[in-house]
Amino acid sequence: MKKLFHRAYHYLLHSFSAKTLHGTHSPFVYDYLEQVVYNPYPFYVFDIIESLRAQLLLNQNIVYINDFGTGISKKKKVFTIANKSLKPAKQAQLLFKTVNHFKSIEIIELGTSLGITSMYLSKTSKKSFLNTFEGSEEVAKIAEQNFRKFKENNINIHIGNINETLPKYLNSTEKIDFVLFDANHTYKATLNYFNWCLSKSNENTIFVFDDIYWSPEMTKAWNEIKNNSKVTMSIDFYHLGIIFFKTVHEKQHFKIKLK
Ligand SMILES: C[S@@+](CC[C@H](N)C(=O)[O-])C[C@H]1O[C@@H](n2cnc3c(N)ncnc32)[C@H](O)[C@@H]1O
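An account of the accompanying structure is given in this report.

When its secondary structure is counted, the chain shows 10 helices and 10 strands. Its C-alpha radius of gyration of 18 Å places the chain within 12% of the 18 Å reference for a compact globule of 259 residues. Judged by the C-alpha coordinates and their principal axes, the chain covers about 50 × 45 × 35 Å. Looking at the chain as a whole, 34% of its 259 residues qualify as buried. A fraction of 65% describes how many contacts in the chain between residues 6 or more apart in sequence connect residues 24 or more apart.

Right, dumping it as C-alpha cells:
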C-alpha cells in the first residue's frame, strides 16, 4: 500500500511539474529531446525485437526464478515474466536511441531477464559490446536462446549474483560508456551497483536507473545518486532516471515528459 501510494503521489507530481521540449533551456537537453526522445522515427530492428517479445508473451513454459532477497526460488510462466518484468517497447526504444545517439560502445545491463532490452542495447552498432548480468539460470538460458536466434555475437551474459559477477567483471575492464540498472530494486543494492560502476565512469558515461519511483527506498537511492558530486546533470522521466557526468557550468536536474 505504501509503495502504491508513493508511486501515485510521485506520478501526479511528475505530471504537473515535468517539461517538454519548449520548457527546456539547456541546449544539451534540448538537442537530446529533439533528436532522441521526441524523434518519432522507428529503426528497422524495433519490429524484429518486438516480434520476439510477442512470441515470449505466448510461451506457457514454467521456469524457476531466484529471489536474491529471500534466497527462495519461485516458479513462474515465461509469459508472466514477459508481461510483467520487461521494459515496455517505448522505454526500451528510448534506450536504443540514447545508446545510438551517444555512440556508446561498452554497455552494461544489470538484470537481463529474457533478453529483450539486451537486444535493444546491443543492436545500435557492430562495434558496441553488451555485458549483461542475470542471476536466475533458467531465465538466463532463455535469454541466451534468444541471442542465438538473432545471431547476436556482441553480447556476453554473466550468470550469478551481481554482487559477485559485477565487481569481478569491472576488475577486468578499463571503461564503461552506458549502464542500465534494472536488477535488484533496493536502496542498498542500487547504491552498491552505482558506486562500483562509478569507479569506471568518465565524462561521457551515461547511467540509466529503472523504476526510480517504484518504492520510497528506490526514490531515496535516486535522490542520493543525482546529488553525487560527480553527477552533473539528471533527467527524470518518471519510469527512468538518466544521469550524465559531462562538464557543465552548473549542476542541473530536469523532469521531462516522455509524451
Ligand atoms: C526487471 S528484470 C530485468 C528486465 C530487463 N532489463 C528487460 O527490460 O528486458 C530484473 C532481473 O534482474 C535479476 N536480478 C535481480 N537481482 C539480481 C541479483 N542480485 N543478481 C543477478 N540478477 C538479479 C532478476 O532475476 C530479473 O530477471
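Bringing the sheet that holds strand E9 (residues 240-244) into the picture now. On the basis of which strands lie adjacent, the open sheet formed by 8 strands has the order E5-E4-E3-E6-E7-E9-E8-E10 and mixed pairing. Each edge of the open sheet carries a strand with a single partner, namely strand E5 (155-159) and strand E10 (252-255). Here the average twist between neighbouring strands, direction ignored, is 15 degrees. In the packing of helix H5 (residues 89-102) onto the sheet, contacts are made with strand E3 (106-110), strand E6 (178-181), strand E7 (206-210) and E9, and the angle to E7 comes to roughly 175 degrees.

Counting buried positions over the 6 residues of strand E4 (residues 129-134) gives 5, a clear majority of the element. Sheet topology note: the E3/E4 ladder contains 5 bridges and is parallel. Along E4, the bridge assignment pairs Ile108 with Asn131. For the crossover that starts at E3, traverses helix H6 (residues 116-122) and ends in the parallel E4, the hand is right-handed.

Attention now moves to helix H10 (residues 216-226). Owing to its 3.6 residues per turn, the α-helix brings residues three or four apart onto one side. Along H10, the residues that are buried comprise Met218, Ala221, Trp222 and Ile225. Buried residues of H10 fall within an arc of 100 degrees about the axis and therefore sit on the same side. At its buried positions, H10 is contacted by helix H9 (187-198), E7 and E9.

This brings us to the site of the ligand. Around the ligand lies a shell of 21 residues, among which Lys87, Gly111, Ser113, Thr117 and Gly135 are the nearest. Those elements that provide at least two residues to the shell around the ligand are H6, E4 and helix H8 (162-171). For the shell around the ligand, the class distribution of residues is 8 nonpolar, 9 polar and 4 charged.

With that settled, the discussion passes to unusual backbone geometry. One non-glycine residue, Ser113, lies in the positive phi region at around 50 degrees. Here Ser113 shows up in the loop between E3 and H6. At Asp211, a position not held by glycine, the phi torsion is positive, near 55 degrees. Position of Asp211 among the secondary structure elements: in the loop between E7 and H10.

Conventions adopted
Residues numbered from 1 in each chain as written. Predicted model: local features only at pLDDT ≥ 70, side-chain atom pairs only at ≥ 80, totals over all residues. Helix = DSSP H or I, 4+ residues; strand = E, 2+ residues; numbered from the N terminus. Rg over C-alpha atoms; globule rule 2.2 N^0.38 Å. Buried ≥ 20, exposed ≤ 12 C-beta atoms within 10 Å, placed from the backbone. Contact = placed C-beta atoms within 7 Å. Pairing = 2+ DSSP bridges. Axes fitted to C-alpha atoms, helices over the stretch in contact; angles between N-to-C directions. Right-handed = clockwise from strand over helix to strand, strands pointing away. Arc of directions from axis to C-beta. Near = placed C-beta within 6 Å. Nonpolar A, V, L, I, M, F, W, Y, C, P; charged D, E, K, R; others polar.

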